[in-house]
Amino acid sequence: MALERHSGLLESLADHAFPAFRDRRTPRDSLEVLLDAIEAEYRAGFLVFDDLGALFWRLLEQHQPVADAYAERYPIVIADEHQDASALQDAVARRFGQQRLVVLGDTMQLIHEYRGADRDRFVKHRQEAAREHQLVTPHRWERVNPSAGRWLTQVRNALYGRHATRGLRPDAVVWRNYPEAWEGRGVANRVVQEVRDARATRTIRSIAVLVRRRDDINPIEKQLLTAGYFPRRVSGSEFEDARREIEKLPTLKTIATVRRYALERLRRLCPTFDSDLMRQLRDRLRVREIKPRGAAPRALPFLRAMQPIYEHGAAGYLHSMSALLAASKDAGFSCPRSQQARTIRDAAAQLEPGCDLPTALATYADIVRRAAMAPQPTDRGIFLMTAHQSKGKEFDAVVVARFSEERWPDDEETRRLLYVALTRATRRWCFVAPDRSPSPLGALLP
């Protein structure tokens, strides 16, 4: 049975091959079919990151000497951010931590339950622990902004359901309202206004604009670009387009389909690319040849950049994309997704002209994998991401965009997510909210 990858389904089900790790996410009717598809991918040599945990557990189960060797090698196990652990990850920690297990975590930061995290599993560790130590939140803000640290402690207590002492809101906390009728444009304009004001503050070097849903990112990004700001997207999903490229290119059998895909990719990487220029390129990139005659001078570098695709098809895609990105930079078009562009350029630089497609894809995949695993600095610039993607990062300022009742309702999951979003900042906090239906969680912010 042929199965298409869809919504990350196959990439997140390898753990479910073991009955002990099946939970509410486990498909009831199609599990065996999906697991067969995963096994077929294993046999074909295909792996994704989420496969590694399941394969490691299989190794421990089937080869006891390996499990014994690991347990002897690591007599002390420290499980950090363990509130986000899946059942399999928790089982590995317990298996190796029988001599000494230190569990670090905070149930108020449990926001990735879709990956199998479970509050009760974490609470069980607290109940079984010989000792428990609690780290008080404000320590992170003592040097920079003590009043903000006290305010965040009050916010945590209120969101957690405890009584929160009402105190003065620090000057570093800003509210920007927009008319509800201007929903999309109003949000983006207020975000730009806040970015402008925050950047005027000498102490603010990094700003994170956080949204609740992915579909809120593009209009804000477009408005920031129009205003002359170049936001970056920093997260594991930064390289999702690259993964799709690697899967898509082998299916493009004609020059026309590769050419069309390259131009679409260029538009995504360079959202300020001129529409008239794009029309010129499409008019002069014919089925079998490039027609530069009559093209405007500024179009010629882009037409020349497409030559590797006309000579080598999909195998020439990376060389063409690298040249297209260079021409875009020379023409002054912004490329906010600079990390994606860098992986394309690095791959093209390592490839010989005329290499075959498998070699090109293998090189590209290796560079993407290493780039995705490398730490990404967030100490300077403007960053745009979902609140979920901000976890583990730190910025001088955070802008919670579209802080509305629709996006940020008052429920347990949203309370935890808001707490995570607010604790990403060290100096400044901004809420961009509609004037008539702001989030009810705003009433819990002392």
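A. The arrangement of the nonpolar core in detail. Core analysis: the biggest nonpolar cluster contains 43 residues, and F273, L281, L285, F302, M306, Y317 and L318 have the highest contact counts within it. Mapped onto this core, the elements with two or more residues apiece are α10 (255-269), α11 (275-284), α12 (300-305), α13 (307-312), α14 (317-330), α15 (338-350) and α16 (357-373). Here L318 is in contact with I344, A347, A348, L351, A360 and Y364, once residues within four sequence places are set aside. Formed by 32 residues, the second largest nonpolar core is a distinct cluster that contains F395, V398, F403 and A421.

B. A look at a nonpolar patch on the surface. Where nonpolar side chains cluster on the molecular surface, the patch consists of L47, F49 and L52 and spans about 350 Å² of accessible area. Here F49 shows up in the loop between α1 (31-43) and α2 (51-62).

C. Looking closely at the pairing of strand β6 (residues 395-400). Of all six residues making up β6, six are buried, and the element is well covered by its neighbours. Where strand β4 (residues 206-211) and β6 come together, four bridges link them in parallel fashion. Each residue of the ladder has a partner; that of I207, found in β6, is A397. Of the strand pairs in this sheet, β6 and strand β7 (residues 425-434) are connected by five bridges, and their pairing is parallel. Bridge pairing in β7 places V399 opposite C430. Chirality of the crossover, the property in question, places the unit of β6, helix α17 (residues 412-422) and β7 among those that are right-handed.

D. Spotlight on the pattern of salt bridges. Enumeration according to the criterion identifies 33 salt bridges in this entry. Of the charged contacts in the structure, one is a salt bridge between K391 and E81, with a shortest N-O distance of 3.2 Å. In this pair, K391 is assigned in the loop between β5 (381-386) and β6 and E81 in the loop between β1 (76-79) and α4 (87-96), connecting sequence segments 310 residues apart. You can call K391 buried: its relative accessible area is 14%. Given a relative accessible area of 38%, E81 falls into the partly exposed group. Taken together, the salt bridges that share partners define one network made up of R213, D215, D216, R402, E406 and R407.

E. Spatial organisation of the sheet that holds β4. Pairing in this open sheet of five strands is parallel, and the strands run β3-β7-β6-β4-β5 from one edge to the other. Of all strands in the sheet, those with a lone pairing partner are β3 (173-178) and β5, marking the two edges. Neighbouring strand axes in the sheet, compared pairwise and without regard to direction, differ in orientation by 20° on average. Where β4 and β5 come together, six bridges link them in parallel fashion. Residue L210 lies in a different strand from β5, and its bridge partner there is M385. Running at roughly 150° to β3, helix α7 (residues 183-199) makes contact with β3, β4, β5, β6 and β7 of the sheet.

F. Spatial organisation of the environment of F403. Along the chain, the position of F403 falls in the loop between β6 and α17. Look past the residues within four positions of F403 in its chain and what remains in contact with it is W175, W408, L418, F431, V432, A433, P434, P438, S439, L441 and G442.

G. Spatial organisation of helix α5 (residues 119-128). By the burial criterion, the buried members of α5 are F122, V123 and H125. Along the long axis of α5, the arc covered by the buried residues comes to 150°, so they all point the same way. Turned more than 90 degrees from where α5 packs its buried face, D120 and Q127 sit exposed. Each element contacted by the buried residues of α5 is listed here: α4 and β2 (100-103). Taking the backbone nitrogen of D120 as reference, a side-chain oxygen 3.0 Å away marks D118 as the first, capping residue of α5.

H. Structural view of the side chain of D51. Relative to the helices and strands, D51 resides in helix α2. Side chain to side chain, D51 and Y42 meet in a polar contact 3.4 Å long. In this view, D51 contacts A14, I38, Y42 and F46; residues no more than four positions away in its chain are not counted.

I. Spotlight on the environment of N177. Looking at where N177 falls in the secondary structure, it is placed in strand β3. Between the C-alpha atoms of N177 and R190, which are 13 residues apart in sequence, the distance is 7.6 Å. Those residues within four positions of N177 in sequence are excluded, and the remaining contacts are R190, A433, P434 and D435. A polar atom in the side chain of N177 sits 3.3 Å from the backbone oxygen of A433.

J. The arrangement of the confidence of the model for the protein chain in detail. Residues of the protein chain with pLDDT of at least 70 account for 94%, and the chain-wide mean is 89. Confidence over residues 1-9 falls short of pLDDT 50; this stretch has 10 contacts with residues more than four positions distant or in other chains.

K. Fine view of the packing of aromatic side chains. Applying the stated criterion across every chain yields a total of 15 aromatic pairs. Seen in terms of ring centroids, Y261 and Y317 are 5.8 Å apart; in terms of plane orientation they differ by 45°. Their pairing is tilted. Pair noted here: Y261 is in helix α10 and Y317 is in helix α14, with a separation of 56 residues, a long-range link. Accessibility expressed as a relative area gives 10% for Y261, which makes it buried. Residue Y317 is classed as buried on the basis of its relative accessible area, which comes to 0%. Put simply, the rings of F56, Y70, Y74 and F96 pair up and form one aromatic cluster. The ring of W408 has R212 lying over it, and the distance from NZ or CZ to the ring centre is 5.4 Å.

Parameters at a glance
Residues numbered from 1 in each chain as written. Predicted model: local features only at pLDDT ≥ 70, side-chain atom pairs only at ≥ 80, totals over all residues. Heavy atoms only, no water. Core = buried A, V, L, I, M, F, W, Y, C linked by side-chain atoms within 4.5 Å. Buried < 20%, exposed > 50% of the residue type's maximum accessible area, 1.4 Å probe, protein only. Helix = DSSP H or I, 4+ residues; strand = E, 2+ residues; numbered from the N terminus. Contact = heavy atoms within 4.5 Å. Patch = residues over 30% accessible without salt bridge, like charges linked within 9 Å, V, L, I, M, F, W, Y side chains within 5 Å. Areas by Shrake-Rupley, 256 points an atom, 1.4 Å probe, with all protein chains shown as cover. Salt bridge = Lys/Arg side-chain N within 4 Å of Asp/Glu carboxyl O. Pairing = 2+ DSSP bridges. Right-handed = clockwise from strand over helix to strand, strands pointing away. Axes fitted to C-alpha atoms, helices over the stretch in contact; angles between N-to-C directions. Arc of directions from axis to C-beta. Polar contact = N/O pair within 3.5 Å; in protein donor to acceptor, adjacent residues only side chain to side chain. pLDDT = per-residue confidence, 0-100. Phe/Tyr/Trp six-rings, centres within 6.5 Å; stacked < 30°, edge-to-face > 60°. Lys NZ or Arg CZ within 6 Å of the ring centre and 35° of its normal.

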